[in-house]
Amino acid sequence: PKDPLLPEVLALLADSLDAKDKDDEAIQVYIRACQLATRNETRDYTLDAAEKLLQKKGDWEKIGQMYEEFVQQHPDNPSVVMAAYWIGRAKVHDGKTDEAKKFIADTIRKYIDDPRRDAVDQLLTQLAQLCVRKKKPPEPSPSPTPALTTGTAATVAEATPKPVPTPAATPTP
């Protein structure tokens, strides 16, 4: 028989590894604790702790994988909607914004009528932000500096930077 306290003991071990800055080991132990957990509180805690360490490392692919496995193993868990939020963020960080939008929209459709899934509001906000996000404009190419050795005095005057006026000091009452 499985020891019901094992996931909690593993979570404590992972906490101590994290405190010693052994992030890679702590992540593995947090994920294992989550997989063995029988209580939602333990699953949520270990997922959150692993996600923070993975975020610190910038490992968005692993964050997405971790939450996708969680959703597959626990599809009825109340935290599935929050997991969908992190899966969407991971997809965006991997440059798959259109895939993230579709995934988030599908998740919203699935859980919008479920009153136990109040995190759907966060997914709606995330989807709206992704839809209004504009692509970065291309960087303007640097314009060549006009040659000051040739040309008229007017050309030199135009190329000379103008001084910026400084505001006068505000008198004290």
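Described below are features of the structure shown in this document. (Residues numbered from 1 in each chain as written. Predicted model: local features only at pLDDT ≥ 70, side-chain atom pairs only at ≥ 80, totals over all residues. Heavy atoms only, no water.)

Focus on the pattern of salt bridges
At step 1: Inspection of every chain in the model, using the stated rule, returns 9 salt bridges.
At step 2: Between Glu8 and Arg39 there is a salt bridge; the shortest N-O distance is 3.2 Å. Here the residue Glu8 occupies a position in helix α1 (residues 6–19), and Arg39 occupies one in the loop between α2 (23–36) and α3 (40–57), the gap between them amounting to 31 residues.
At step 3: For Asp106, the salt bridge goes to Lys102, with nearest N and O atoms at 3.0 Å. In this pair, Asp106 and Lys102 both sit in helix α6 (residues 97–111), 4 residues apart, roughly one turn of the helix.
At step 4: Residue classification places Asp106 among the partly exposed positions, given a relative accessible area of 33%.
At step 5: Salt bridges sharing partners connect three or more residues here, namely Glu8, Arg39 and Glu41. (Salt bridge = Lys/Arg side-chain N within 4 Å of Asp/Glu carboxyl O. Helix = DSSP H or I, 4+ residues; strand = E, 2+ residues; numbered from the N terminus. Buried < 20%, exposed > 50% of the residue type's maximum accessible area, 1.4 Å probe, protein only.)

Comments concerning the layout of surface pockets
At step 1: The computed volume of the second largest pocket comes to approximately 180 Å³.
At step 2: What lines the second largest pocket is Glu68, Val71, Gln72, Pro75, Val80, Ala84, Ile87, Phe103, Thr107, Lys110 and Tyr111.
At step 3: Those elements giving two or more residues to the lining of the second largest pocket turn out to be α4 (60–73), α5 (80–93) and α6.
At step 4: Top contributing element to the lining of the second largest pocket by residue count: α6, with 4 residues.
At step 5: Each residue belonging to the lining of the second largest pocket can be placed in one class, and the counts come to 7 nonpolar, 2 polar and 2 charged. (1 Å grid on protein atoms, 1.4 Å probe; cavity = no way out; pocket = protein on both sides within 12 Å on 5 of 7 lines; lining within 4 Å. Points joined across faces, edges and corners; volume = space filled by probe spheres on them. Nonpolar A, V, L, I, M, F, W, Y, C, P; charged D, E, K, R; others polar.)

Topic: the nonpolar core
At step 1: Residues Tyr30, Met66, Tyr67 and Leu123 are the most contacted members of the largest nonpolar core, which totals 40 residues.
At step 2: Elements with a contribution of two residues or more to this core: α1, α2, α3, α4, α5, α6 and α7 (120–132).
At step 3: If you tally residues by element for this core, the top one is α5, at 9 residues.
At step 4: In contact with Tyr30, not counting residues within four places along its chain, are Ala11, Ala14, Asp15, Asp18, Tyr45, Thr46, Ala49, Ala50 and Leu53. (Core = buried A, V, L, I, M, F, W, Y, C linked by side-chain atoms within 4.5 Å. Contact = heavy atoms within 4.5 Å.)

Thoughts on the packing of α4 against α5
At step 1: Close contact between α4 and α5 brings their axes to 8 Å; oriented N to C, the two are set at 150 degrees. Compared by their axis directions, α4 and α5 come out roughly antiparallel. Where α4 crosses over α5, the two elements pack in a sense that is left-handed. Contacts from Trp60, Ile63, Gly64, Tyr67, Glu68, Phe70 and Val71 in α4 reach Val80, Ala83, Trp86, Ile87, Arg89, Ala90, Lys91 and His93 in α5.
At step 2: For the contact of α4 with α5, the residue count by class is 10 nonpolar, 2 polar and 3 charged. (Axes fitted to C-alpha atoms, helices over the stretch in contact; angles between N-to-C directions. Parallel < 35°, antiparallel > 145°, perpendicular 65-115°, else oblique. Left-handed = near helix turned anticlockwise from the far one by under 90°.)

Concerning a nonpolar patch on the surface
At step 1: Taken together, the side chains of Leu5, Leu6 and Val9 define a hydrophobic patch exposed on the protein surface, amounting to about 260 Å² of accessible area.
At step 2: Within the secondary structure layout, Leu5 lies in the segment before α1.
At step 3: With a relative accessible area of 55%, Leu5 lands in the exposed category. (Patch = residues over 30% accessible without salt bridge, like charges linked within 9 Å, V, L, I, M, F, W, Y side chains within 5 Å. Areas by Shrake-Rupley, 256 points an atom, 1.4 Å probe, with all protein chains shown as cover.)

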